[in-house]
Amino acid sequence: MSELIAPVLPEHVKKPNEEEHKKNLEKINANIEKIQKQFDAVREKINKLPAKGDNSRREEIKTELAEIRDKQAELKKSRKAVYEQLDAINDSIRKKVGSIKGFQTKIPFKTTEEVDARISELESKIEAGVRIVEEKKMLQEITLLKRNRLSVEDVDEQQTAINNERAIHDELKKNIDDSEAKKLSDRYEELDAEFKLLFADQSKQREVRNQLYDERTRLKTLLDEEYTKMRTLRDEHRKNNDEYYTFVRQLREFKKEQEQLRKVQEENEKRQEAAKQELELAALPAFESEIALCDNLAIFLEGFISSNNKTAAAAESPAAVAQAFEGMVLKKKDDDVFFAGSSKKNKQQKNKDPKDTKEKKSDVLKLPLATMEAFFDIKVTVPTKISEIPATLLKLKERKAYYIAEQPKVTELNKKNAEQKIAAMLKEEEEAAAAAAEAAATPAPAAAASEPAAATPVANESE
């Protein structure tokens with residue numbers, strides 16, 4: 001869990017200045033009052049404008065113009081056949097004229113007379129005598145001219161046809177009575193001029209009206225901007241106050257939250273250290289102490305049956321007991337530690353004849369309390385007689401074999417249990433961290449309400 005960061009007052013947040021805020025509001029109110037006066041003056045001018053003119057005359061003109069257009073269309077429709085004939089003649093004339101112009105671009109002669117004159121000129125030059133090369137060129141040109149003379153004759157015929165069609169066109173056009181059409185056209189132009197005059201006058205009035213409307217809109221926009229400035233100023237002042245006093249509250253609560261975070265971190269560190277130690281202990285081979293205890297107890301008991309002398313020496317020597325249980329913690333009960341043959345009576349018997357000692361020796365086996373507790377730990381019956389030692393040694397051997405056989409499985413089980421316990425602990429820590437993060441993201445009252453719930457798993461775990 002990361003440490004809390006001390007709250008810092010943002011650069012744009014300043015300590016509220018009520019005097020400066022009031023001065024800014026007064027300045028905006030003065031601008032609003034000034035613009036409002038201009039707005040009222042423009043609105044008064046708009047109210048004094050004359051009412052919109054009567055558009056009845058315009059509507060009459062538009063109606064009459066539509067009627068004239070209809071009459072012109074009917075007149076044109078009645079003369080459609082004549083106009084179609086005129087259009088056909090015009091199309092024919094245009095095609096013939098285009099054909100003549102295309103031919104004249106290739107041959108620079110318009111009539112057969114011009115062609116004959118050019119042929120005669122070339123023949124005269126040949127008769128007068130010219131060089132052979134020039135004579136060949138002139139003969140070729142004469143041949144080409146005689147060949148094209150027929151085309152020139154066609155041009156003459158087409159020109160004659162064009163003149164005839166133009167005469168027919170003019171005659172048909174004279175037969176059309178244009179007096180009524182001209183009368184309608186003149187009336188149309190007269191009404192159209194009057195309509196444009198009325199439209200110009202109304203446009204001028206509309207322009208003046210639109211200028212006043214634009215000025216009113218401009219002043220209204222300025223008023224809106226000033227009111228927006230006022231609202232913005234108030235909102236910013238309120239926001240600045242909120243941020244400033246929020247910072248003050250955060251600063252006041254920072255040390256308390258930091259202390260709570262420190263406690264949580266200490267608890268987490270303790271749990272992590274305990275988990276680490278538990279995992280290390282679980283990784284150690286199982287039953288190591290029990291196996292060692294079986295070996296030490298067997299060595300200790302074998303000392304009683306090896307020989308009578310060795311048994312007496314092992315029973316009387318406290319060093320033998322200490323060596324047999326080296327590396328083990330033996331429990332003491334007061335200061336009494338009982339070994340076989342350790343009583344004062346046995347010490348006095350050392351000075352007697354060994355043969356008498358052997359005969360009077362009892363079969364009773366007395367063991368220290370710590371040794372008895374060691375038998376209890378490995379679930380082996382404590383021998384009370386020396387004659388029971390061989391059976392006890394066999395039982396110790398069986399228990400040792402059992403511990404060695406079960407050692408891998410129990411070691412793996414210990415590791416698995418430790419890992420599961422650590423995983424559960426980590427999950428609880430993650431849930432606590434998520435709850436704390438969620439509480440931090442909510443408003444202050446909600447965060448305060450969620451703090452006890454977030455702290456509950458930590459408290460239970462520490463217990």
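Use the structure listed above.
From a predicted model like this one, the values you see are computed outputs, not experimental measurements. All residue numbers refer to position in the chain's written sequence, counted from 1. The predicted nature of this model means local features are confined to residues of pLDDT at least 70 and side-chain atom pairs, given and counted, to a pLDDT of 80 or more, with totals for whole chains, interfaces and linings taken over all residues. Hydrogens are left out, water is left out, and the side-chain values use all remaining heavy atoms of the structure.

**Student:** Help me out: how do you make sense of helix H1 (residues 18–48) in this one?
**Tutor:** Residue pairs three or four apart in sequence face the same way in an α-helix, which turns once every 3.6 residues. Under the 1.5 Å per step criterion, the end-to-end length of H1 is 45 Å for 31 residues, consistent within 8% with the ideal 45 Å. Distance and chemistry together define a polar contact, namely a pair of N or O atoms within 3.5 Å, with one atom able to donate a hydrogen and the other to accept it when in protein, and with adjacent residues in sequence counting only for side-chain atoms on both sides. Secondary structure counts use DSSP, requiring at least four H or I residues in a row for a helix and at least two E residues in a row for a strand, with both numbered from the N terminus. Sitting at the head of H1, asparagine 17 places a side-chain oxygen 3.3 Å from the backbone nitrogen of glutamate 19. Between the first and last residue of a helix there are one fewer steps than residues, each counted as 1.5 Å, and that sum is the expected span.

**Student:** Please clarify how the packing of helix H7 (residues 288–305) against helix H12 (residues 369–377) should be interpreted in this entry.
**Tutor:** For any two helices packed against each other, one specifies the inter-axial angle together with the distance between the axes. To obtain an axis, a line is fitted to C-alpha atoms, over the contacting stretch when the element is a helix, and the angle between two such axes runs from 0 to 180 degrees between their N-to-C directions. Close contact between H7 and H12 brings their axes to 11 Å; oriented N to C, the two are set at 130°. With respect to their mutual orientation, H7 and H12 come out oblique. The element H7 and its partner H12 pack so that their crossing is left-handed. Facing Leu293, Leu297, Phe300 and Leu301 of H7, the residues of H12 in contact are Thr371, Ala374, Phe375 and Asp377. Three categories are distinguished: nonpolar for Ala, Val, Leu, Ile, Met, Phe, Trp, Tyr, Cys and Pro, charged for Asp, Glu, Lys and Arg, and polar for the others, with Gly belonging to the last. Counted by class, the contact of H7 with H12 contains 6 nonpolar, 1 polar and 1 charged residues. Throughout this description, any angle smaller than 35 degrees is read as roughly parallel, any larger than 145 degrees as roughly antiparallel, any in the 65 to 115 degree range as roughly perpendicular, and the remainder as oblique. By definition, any crossing whose near helix is turned counterclockwise from its far helix by less than a right angle is left-handed, and any crossing with a clockwise turn is right-handed. Contact criterion: two residues are considered in contact whenever any of their non-hydrogen atoms come within 4.5 Å of each other.

**Student:** Just to check I follow, could you spell out H7 for this structure?
**Tutor:** Over its 18 residues, H7 extends 27 Å from the first C-alpha to the last, a length consistent with the 26 Å expected when each residue adds 1.5 Å. Partly exposed describes any residue whose relative accessible area lies between the buried limit of under 20% and the exposed limit of over 50%, with all areas from a 1.4 Å probe on protein chains only and scaled to the type maximum. Taken as a whole, H7 has its buried residues at Ile291, Leu293, Cys294, Asn296, Leu297, Ala298, Phe300, Leu301, Gly303 and Phe304.

**Student:** So what exactly am I meant to see when it comes to the pattern of salt bridges here?
**Tutor:** In the sections that follow, a salt bridge refers to a side-chain nitrogen of Lys or Arg positioned within 4 Å of a carboxyl oxygen of Asp or Glu. Inspection of every chain in the model, using the stated rule, returns 17 salt bridges. A salt bridge links aspartate 40 to arginine 43, with the nearest nitrogen and oxygen atoms 2.9 Å apart. Within this pair, aspartate 40 and its partner arginine 43 are both found in helix H1, separated by 3 residues, close to a single helical turn. For arginine 43, a relative accessible area of 38% translates into the label partly exposed. Ionic pairing is found between lysine 421 and glutamate 278, a salt bridge with its closest N-O pair at 3.5 Å. Of this pair, lysine 421 sits in helix H13 (residues 389–441) while glutamate 278 sits in helix H6 (residues 179–283), placing them 143 residues apart in sequence. Classification of lysine 421 as exposed rests on a relative accessible area of 51%.

**Student:** So what exactly am I meant to see when it comes to the packing of aromatic side chains here?
**Tutor:** Each aromatic ring pair is summarised here by two numbers: the centre-to-centre distance and the angle between the ring planes. Any two of the Phe, Tyr and Trp rings considered here, Trp counted by its six-membered ring, make a pair once their centres fall within 6.5 Å; the pair's planes then place it as stacked at under 30 degrees, edge-to-face at over 60, or tilted in between. Across all of its chains, the model carries 4 aromatic pairs by this definition. Measuring from centroid to centroid gives 5.3 Å for phenylalanine 300 and phenylalanine 304, while their planes differ by 85°, and the two rings are edge-to-face. Taken together, the residues span about one helical turn, with phenylalanine 300 and phenylalanine 304 both in helix H7 at a distance of 4 residues. In this structure, phenylalanine 300 and phenylalanine 304 share a single accessibility class: buried.

**Student:** What exactly am I supposed to notice about the nonpolar core here?
**Tutor:** Side chains of a nonpolar character, in soluble globular proteins, are inclined to be buried together. Working definition of a nonpolar core: buried Ala, Val, Leu, Ile, Met, Phe, Trp, Tyr and Cys residues. They are joined through side-chain atoms within 4.5 Å. One finds Leu297, Leu301, Phe375, Ile378, Ile389 and Leu396 to be the most contacted residues of the largest nonpolar core, which totals 23 residues. Residue assignment for this core shows that the elements contributing at least two residues are H7, H12 and H13. Here the element with the most residues in this core is H7; it accounts for 8 residues. Excluding residues within four positions of it along the chain, isoleucine 378 makes contact with Glu290, Leu293, Cys294, Leu297, Leu396, Arg399 and Tyr403. Core analysis: the second largest hydrophobic core is formed by 12 residues, Ile32, Ile35, Leu219 and Met230 among them.

Honestly, it's all geometry; don't read function into it.
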